[in-house]
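# A look at the structure
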Amino acid sequence: MQEKSRKSAGRADALPIYMQICELMIRDIAAGRLIDGQKLPPEREFAKAHGTTVRTLRKALAELEKKGMLERRQGSGNYVRASTQVEPVYSMFRLELAEGGGGLPTADILSVDYLPKDARQPDYGTSTEGTRFRRLRFLDDQIIAVEEIWLDGGAGKVPREMVQDSLYLTYKRALHLWITRAEDRVGVGQVPDWSPEAFPLKPGTTTAYIERLSWAQEATAVEFSRTWYDTNKALYVQRLI
């Protein structure tokens, strides 16, 4: 996480460092890697582990405290307060590092285009067109997946300059569109021919594959996505709480 945070810090589409740390901790709390009542390391040590300053770390801790997920005891330290009421920005991101640990999701945008939906997509939305996002996915500094996401044209168009690491956060800010639920179908598929050279699996390679339909406030799904991921680096994890 530390190295990836430093790499993404200068990108206009990346979350601020303090939010990256906050999101990673929320994911770790939700997954049980940080448990209720656990004392965090001293702030200077904790900041160094995240490759940041104490000042930036304290902004992240302040955010967690506001969300009720951290108790700061004067003269004693910072303690985890697990909560099921708070969802991270990446609450629907199901891939985690195969080596253990959730990792912080980030993405490099390969292309953003508005065009007709292709015939391989299921029926969703109200338009025959949509915005297609193609991205290279990371967990921390490791490349784990390529993905293609289609947002139905009826939901609106997202300006390229507003696209961030988290598309769900982008939809909220750009279109006032809240994704509330999703349905995943997991299987195997062939890495697409547009996959960049940086992705370890070559086009045509059979690998793990996820199809997802996502819904917002309406009864009809508004988003369809395909993700091909490297099982040497990542696993699909679904927790029932």
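Let me sum up the structure you'll find in this document. Note that the structure is predicted; figures quoted are calculated from it, not measured. (Residues numbered from 1 in each chain as written. Predicted model: local features only at pLDDT ≥ 70, side-chain atom pairs only at ≥ 80, totals over all residues. Heavy atoms only, no water.)

Counting through the fold element by element, lysine 202 comes out in the loop between β7 (181–190) and β8 (206–215). Spatially, the C-alpha atoms of lysine 202 and proline 192 are 8.6 Å apart, while their sequence positions differ by ten residues. (Helix = DSSP H or I, 4+ residues; strand = E, 2+ residues; numbered from the N terminus.)

Before going further, it helps to spend a moment on the sheet that holds strand β6 (residues 142–152). Consider a sheet: its strands pair through backbone hydrogen bonds, and that pairing is either parallel or antiparallel. Taking strand neighbours across the sheet as the criterion, the six strands line up as β4-β5-β6-β9-β8-β7 in an open arrangement whose pairing is antiparallel. Each edge of the open sheet carries a strand with a single partner, namely β4 (105–116) and β7. Across the sheet, the mean angle from the axis of one strand to that of its neighbour is 20°, orientation sign disregarded. Sheet contacts for helix α5 (residues 167–175): β5 (129–139), β6, β8 and β9 (223–229); angle to β6, the most-contacted strand, approximately 35°. (Pairing = 2+ DSSP bridges. Axes fitted to C-alpha atoms, helices over the stretch in contact; angles between N-to-C directions. Contact = heavy atoms within 4.5 Å.)

At a minimum axis separation of 8 Å, helix α2 (residues 17–30) and helix α4 (residues 54–66) run at an interaxial angle of 50°. Here α2 lies oblique to α4, going by the angle between them. Where α2 crosses over α4, the two elements pack in a sense that is right-handed. Across the interface between the two elements, Ile17, Tyr18, Ile21, Cys22, Met25 and Ile26 of α2 pack against Thr56, Leu57, Lys59, Ala60, Leu61, Glu63 and Leu64 of α4. For the contact of α2 with α4, the per-class residue count stands at ten nonpolar, one polar and two charged. (Parallel < 35°, antiparallel > 145°, perpendicular 65-115°, else oblique. Left-handed = near helix turned anticlockwise from the far one by under 90°. Nonpolar A, V, L, I, M, F, W, Y, C, P; charged D, E, K, R; others polar.)

A general trend in soluble globular proteins is that nonpolar side chains are found buried together. Core analysis: the biggest nonpolar cluster contains 18 residues, and Ile21, Met25, Leu34, Leu40, Leu57, Leu61 and Leu64 have the highest contact counts within it. Take this core: its biggest share by element is six residues, from α2. Apart from the residues within four sequence positions on either side, leucine 64 is in contact with Cys22, Met25, Ile26, Met69 and Leu70. The next biggest cluster of nonpolar side chains, apart from the first, holds 16 residues, and it includes Val89, Leu104, Ala145 and Ile210. (Core = buried A, V, L, I, M, F, W, Y, C linked by side-chain atoms within 4.5 Å. Buried < 20%, exposed > 50% of the residue type's maximum accessible area, 1.4 Å probe, protein only.)

Moving on, we get to empty space enclosed by the protein. One pass over the full model with this rule turns up one cavity of 30 Å³ or more. Roughly 320 Å³ of internal volume is contained in the largest cavity. A breakdown of the residues in the lining of the largest cavity according to their chemical character gives ten nonpolar, four polar and seven charged. (1 Å grid on protein atoms, 1.4 Å probe; cavity = no way out; pocket = protein on both sides within 12 Å on 5 of 7 lines; lining within 4 Å. Points joined across faces, edges and corners; volume = space filled by probe spheres on them.)

Compared with an ideal rise of 1.5 Å per residue, which puts 13 residues at 18 Å, α4 spans 18 Å between its outermost C-alpha atoms and is within 8% of the ideal. Considered for burial, the residues of α4 that qualify are Val54, Leu57, Ala60, Leu61 and Leu64. Relative to the axis of α4, the buried residues are bounded by an arc of 120° and lie together on one face. More than 90 degrees from the buried face of α4, the exposed residues found are Arg55 and Lys66. Looking at the packing, one finds that the buried side of α4 touches α2, α3 (43–49), β1 (70–73) and β2 (77–80). (Expected span 1.5 Å × (residues − 1). Arc of directions from axis to C-beta.)

Time to look at the pattern of salt bridges. Within the structure shown, the criterion is met by 18 salt bridges. In this structure, arginine 135 engages glutamate 147 in a salt bridge whose closest nitrogen and oxygen atoms are separated by 2.8 Å. With arginine 135 in strand β5 and glutamate 147 in strand β6, this residue pair connects regions lying twelve residues apart in the sequence. Here glutamate 147 falls in the buried class, since its relative accessible area comes to 6%. Across the pair arginine 137 and glutamate 147 runs a salt bridge whose closest N-O atoms are separated by 3.0 Å. Within this pair, whereas arginine 137 is found in strand β5, its partner glutamate 147 is found in strand β6, the two being separated by ten residues in sequence. Given a relative accessible area of 6%, arginine 137 falls into the buried group. Among the ionic contacts, a cluster of salt bridges with common partners joins Asp118, Arg120, Arg134, Glu148 and Arg226. (Salt bridge = Lys/Arg side-chain N within 4 Å of Asp/Glu carboxyl O.)

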